[in-house]
Structures are given as C-alpha cells and as structure tokens.
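Listed below, chain by chain, are the residues.
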Amino acid sequence: MAIPVLTDEHVGQLDYRAAVAWMQTALQSHSEGTLDAPARVNSKLTKGEFAFTIGAHNSANPYMGFRVYDLAHLHSPMRSEVTAVFNGRDGSLTGIVTGKLLGAIRTGAIGGVAISCLSNPNANILALLGTGLQARTQLRAACAVRHFHEIRVYSRDAANRNAFREEMSEHVPVDLTLTNEPEQAVRDADVVICATTSTQPIIKTEWLKQGVHLNNVGPKFKTGHELPTDTYEQSPRLVTDSLEQVSAFGDAFVLFGTPHYDRIGALSAMLDENATDSSISHDSSLFISVGLAGTEVVLAQRMFENHME
C-alpha cells in the first residue's frame, strides 16, 4: 500500500474552523496527559540547524510523529518542512506532509483558540501587524472564531500591504483597512495580532485599550522582541501554549528572571476555566505563542484520516 504524501496544495484546503477545533482538542489532550508534547530539540550543523518537534497522542487509536525544518533558513522563501506520522500500535508509517503551510496553519489555529478563549466575545476591531505567512494564518483563524466589523493591517512595506489585502480579501468577511503607522492600527482595537519578524518593539503599550487581547507570534527574546517589555509587565493575564517550551528557552526568553515569568499560565488551563465559568471576565490578556509540540502531528493525523475517507 502506497504511503500518502500530502503537500501544501492539500494543506491549503483545510477549513480553519475545523483546524481551530482540532487544536483546541489537542490542547485539552495535553492538559489531560494524553498528548505528549516535549520542548523542541535543535541540532546545529555546519550549514544549518535542524529543529525537531515530536509528539504522541495516547488515545484508543494512538499515533506519534515529528516535524523537522531548518531553523537557519526559517525566513527563506524556499524553505520547507517534513511532518511524519506513525501508527502508535505497530510503528508503521501513516503518511508524510511536506511544505511550509502545516506548521503555519497549526500556529494560526492555536492563535485562534487563544482569541476564542481570551478575547471579548463582542470584539469588533482587529489589528494585524505583519503581512507574512504567519499573519495570513493568524488572520484566517481569528476570523473563524470572531465576527470582526473592522480589520486594520499594518506592515512597513506598502507594496506588501497591498498584496496582502488583494490575496486575503477572498478569505475574510470584511474589507481590510491598510494603515501607514502601527498606532493607526492598534488604537481602540479589541484584538491585536503581532506577527512580525521585528526585533524592536513595533507598538507602544499606551496605544492599547483596556480589555484588549494580544497574540504575540513574533520574536520574544531578550536579544529582540516585537512587543515592549512593559506590555508583558502590564498585562493582567499572560498565557502560552507550551510552558515546557518557555522553560526550554531559559534565560534567552524576554521575561526570564523577572517577577512576571511565574505569572505565565497555560492556555489549556484557560480553556478549562472558560468551560467551568461562563461569567469569566475578559480583562486584557497576552498570548505568547511558542508552539506546542505534537500539534503538527495531530493536524497531520486529522488530514490523513480525512484523506483516507
């Protein structure tokens, strides 16, 4: 029997509402102990640096797998990834996913879970900073969980902003408003997604409204971070998808060694809180996206299940 190999063409057909739902289930599985998701492992080579994320779902139909990519060429337009899924009962190879979309959609879908869980259900205005691949998947996932009446987009390059609006117009329910300055995008926004590669803060904390929810997708290290440190410090609620990965960053992480480091909670715990308390307040919150290992394997497994139907 031929082993299925799926590509970006297949991954691009994923329904974002389904992807968000699958990632929410994966987070809950991790909280319950049925999804193994250790921190990723990096292996430096002479000409590159392989990053491995692995995971195993210990369900009635167990499966396990890994994703690997070259971290040294993370921003190369030619970069690709390989995600492999194995049957947890007999070790046979279920299938392989190639390309660069799977990891990005995984990240976007987890961002959608964070927005669904932490932002005000009546959020009207979305601000998106960045127009790269991660910005695309974050935007589509956000629109899968909230009905925004206005979406503002900022990036440094006007040509990139225009191309982004043209491409994404068929995927979002409202016209995108392009802004020349980040403050124009962020002021009064209910949800802010920062999905840039900037190592310098691109916003100021005083621009943010009370009750705002932020997704921090880009750099978050002491050597470079897209958000000001006081944005982290002043946020009443700090949340991440993987406390294991935050811990693995060690003293390189932007909040390491500060009193705010120990305030970071797990997104899966927030899901449990929402499920048990429908009156949960939606104070300002900041989701620190670091990548819950194993979730790419979950997403790939779901794709193989659908592919085989």
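Here the structure is shown first, and the text comes after it.
Described in the following lines is the structure provided in the data block. (Residues numbered from 1 in each chain as written. Predicted model: local features only at pLDDT ≥ 70, side-chain atom pairs only at ≥ 80, totals over all residues. Heavy atoms only, no water.)

**A short note on unusual backbone geometry**
Phase 1 of the analysis: If you check the backbone angles, Asp188 has positive phi at about 70 degrees while not being a glycine.
Phase 2 of the analysis: Position of Asp188 relative to the elements: it lies in the loop between α6 (182-186) and β11 (191-194). (Helix = DSSP H or I, 4+ residues; strand = E, 2+ residues; numbered from the N terminus.)

**Section: the sheet that holds strand β17 (residues 285-288)**
Phase 1 of the analysis: Spatially, eight strands are ordered β10-β9-β8-β11-β12-β17-β15-β16 in an open sheet, and the strand pairing comes out parallel. Edge strands, defined here as strands with exactly one partner in the open sheet, are β10 (176-178) and β16 (265-266).
Phase 2 of the analysis: Note that strand β15 (residues 237-240) and β16 share two bridges and pair parallel. Paired with Val239 across the two strands is Gly265, which belongs to β16.
Phase 3 of the analysis: Running over the sheet, helix α3 (residues 101-118) touches β11, β12 (213-216), β15 and β17 and is turned about 165 degrees from β12.
Phase 4 of the analysis: Along the sheet, helix α4 (residues 133-145) contacts β8 (125-129), β9 (150-154), β10, β11 and β12; its crossing angle with β8, the most-contacted strand, is approximately 170 degrees. (Pairing = 2+ DSSP bridges. Contact = heavy atoms within 4.5 Å. Axes fitted to C-alpha atoms, helices over the stretch in contact; angles between N-to-C directions.)

**What about the pairing of β8?**
Phase 1 of the analysis: Burial runs high along β8: five of the five residues are buried.
Phase 2 of the analysis: Here β8 shows no split at all, with Ile125, Ala127 and Leu129 on one side and Leu126 and Leu128 on the other all buried.
Phase 3 of the analysis: With five bridges joining them, β8 and β9 adopt parallel strand pairing. The residue of β9 that forms the bridge with Leu129 is Tyr154.
Phase 4 of the analysis: Traced from β8 through α4 to β9, the parallel crossover comes out right-handed.
Phase 5 of the analysis: Looking at chain direction, β8 and β11 are connected through four bridges and run parallel. Looking across to β11, one finds that Ala127 is bridged to Val192. (Buried < 20%, exposed > 50% of the residue type's maximum accessible area, 1.4 Å probe, protein only. Right-handed = clockwise from strand over helix to strand, strands pointing away.)

**Things to note about the environment of Ala72**
Phase 1 of the analysis: As for its position among the elements, Ala72 is in the loop between β5 (63-70) and β6 (81-87).
Phase 2 of the analysis: C-alpha of Ala72 to C-alpha of Pro38: the two residues are 34 residues apart in sequence and 21 Å apart in space.

**Quick word on the packing of α3 against helix α10 (residues 295-308)**
Phase 1 of the analysis: Relative to each other, α3 and α10 sit at 105 degrees, their axes nearing to 9 Å. Between α3 and α10, the angle falls in the class roughly perpendicular. Here Leu102, Ile105, Arg106 and Ile110 of α3 lie close against α10, whose contacting residues are Thr295, Glu296, Leu299, Ala300 and Met303.
Phase 2 of the analysis: By residue class, the composition of the contact of α3 with α10 is six nonpolar, one polar and two charged. (Parallel < 35°, antiparallel > 145°, perpendicular 65-115°, else oblique. Nonpolar A, V, L, I, M, F, W, Y, C, P; charged D, E, K, R; others polar.)

**Points about α4**
Phase 1 of the analysis: Here α4 spans 19 Å end to end across 13 residues, near enough to the 18 Å set by a 1.5 Å rise per residue.
Phase 2 of the analysis: All buried positions along α4 are accounted for by Ala135, Arg136, Thr137, Gln138, Leu139, Ala141, Ala142, Cys143 and Ala144. (Expected span 1.5 Å × (residues − 1).)

**As for the pattern of salt bridges**
Phase 1 of the analysis: For the structure shown, the criterion picks out eight salt bridges.
Phase 2 of the analysis: Between Arg67 and Glu81 there is a salt bridge, with the nearest N and O atoms lying 3.1 Å from each other. Placement of the pair is Arg67 in strand β5 and Glu81 in strand β6, with a sequence separation of 14 residues.
Phase 3 of the analysis: With a relative accessible area of 6%, Arg67 lands in the buried category.
Phase 4 of the analysis: By relative accessible area, Glu81 is classed as buried at 5%.
Phase 5 of the analysis: Arg106 serves as the salt-bridge partner of Glu296, at 3.1 Å between the closest nitrogen and oxygen. Residue Glu296 is located in helix α10, and its partner Arg106 is located in helix α3; the two are separated by 190 residues in the primary sequence. Neither residue differs from the other here; Glu296 and Arg106 are each classed as buried.
Phase 6 of the analysis: A network of salt bridges, in which partner residues are shared, links Arg67, Arg79, Glu81, Arg106 and Glu296. (Salt bridge = Lys/Arg side-chain N within 4 Å of Asp/Glu carboxyl O.)

**Concerning the environment of Ser43**
Phase 1 of the analysis: Along the polypeptide, Ser43 turns up in strand β3 (residues 41-44).
Phase 2 of the analysis: Since its relative accessible area comes to 30%, Ser43 is described here as partly exposed.
Phase 3 of the analysis: Between the C-alpha atom of Ser43 and that of Glu170, which follows or precedes it by 127 residues, the distance is 40 Å.

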